[in-house]
Every structure is written in structure tokens, then in C-alpha cells.
Amino acid sequence: MLLLLEEVKVTSSSAKPHYVIIRRRSTGELAQVDWRNSYNISALEYGPTHDNLLNDLQNLMQVEVERATTVR
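Thresholds, definitions, all that
Residues numbered from 1 in each chain as written. Predicted model: local features only at pLDDT ≥ 70, side-chain atom pairs only at ≥ 80, totals over all residues. Heavy atoms only, no water. Patch = residues over 30% accessible without salt bridge, like charges linked within 9 Å, V, L, I, M, F, W, Y side chains within 5 Å. Areas by Shrake-Rupley, 256 points an atom, 1.4 Å probe, with all protein chains shown as cover. Salt bridge = Lys/Arg side-chain N within 4 Å of Asp/Glu carboxyl O. Helix = DSSP H or I, 4+ residues; strand = E, 2+ residues; numbered from the N terminus. Polar contact = N/O pair within 3.5 Å; in protein donor to acceptor, adjacent residues only side chain to side chain. Contact = heavy atoms within 4.5 Å. Buried < 20%, exposed > 50% of the residue type's maximum accessible area, 1.4 Å probe, protein only.

Enquirer: How should I be thinking about a nonpolar patch on the surface in this particular structure?
Expert: On the surface, Y19, I21, L44, L57 and L60 cluster together to form a nonpolar patch covering roughly 440 Å² of accessible area. Of all the elements in the fold, those that place two or more residues in the nonpolar patch are β1 (18-23) and α3 (53-69). Note on placement: I21 falls in strand β1.

Here it is as C-alpha cells:
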């Protein structure tokens, strides 16, 4: 898995990070910094429980809809 993640980092742009969805407080800040620096992966946290995942994803989709409809 680590070799795959390293290959993805080498072939991708740091301007376009990859994302992982994790439960809030399931990893430490140091791990998330390491993911960002080593593999170009940014964490999107939900929670604090798994029950919050669906609602938080719906909120994220709403942000994307609003961003797409904003006149620039």
C-alpha cells in the first residue's frame, strides 16, 4: 500500500491533493501532517461518531453545489 501511495504522490501535483475521510479524533495531527507531506493526502474529518458521516457528506455536497453556482 505504501508503494502505491508513494507512486501516486510522484505522479500527481501537490496543487491537487487526494483526500481520505476519517472519523474525528481517530488519528493524531502528526499522522495527518505525515500523510500530507509524504503522500499528498488531506484528511476530511466527520463525526464524532459514524452516525454523523451521512449528514457531513451531505453538507459537503451542499458546499460543492453552492461553489458551482457562484458567479465569478
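Enquirer: In this structure, what is going on with the environment of T69? I would like to understand it.
Expert: Within the secondary structure, T69 is located in helix α3. Distance in space between the C-alpha atoms of T69 and H18 is 24 Å, their sequence separation being 51 residues. Here E66 takes part through its backbone oxygen, which lies 3.2 Å from a polar atom of the side chain of T69.

Enquirer: Would you mind going over the environment of A43 with me for this structure?
Expert: Among the secondary structure elements, A43 is positioned in strand β2 (residues 41-46). Spatially, the C-alpha atom of A43 lies 9.9 Å from that of A31, the residues being 12 residues apart in sequence. Those residues in contact with A43, other than ones at most four positions away along the chain, are V20, I22, Q32 and W35.

Enquirer: Would you mind showing me how to read the pattern of salt bridges here?
Expert: Two side chains of opposite charge can pair, provided their charged atoms sit close to one another. Inspection of every chain in the model, using the stated rule, returns 2 salt bridges. A salt bridge links E29 to R36, with the shortest nitrogen-to-oxygen separation between them at 3.7 Å. Between E64 and R67 there is a salt bridge whose closest N-O contact spans 3.7 Å. Taken together, the residues span about one helical turn, with E64 and R67 both in helix α3 at a distance of 3 residues. Residue R67 is classed as partly exposed on the basis of its relative accessible area of 47%.

Keep in mind these values describe shape, not function.
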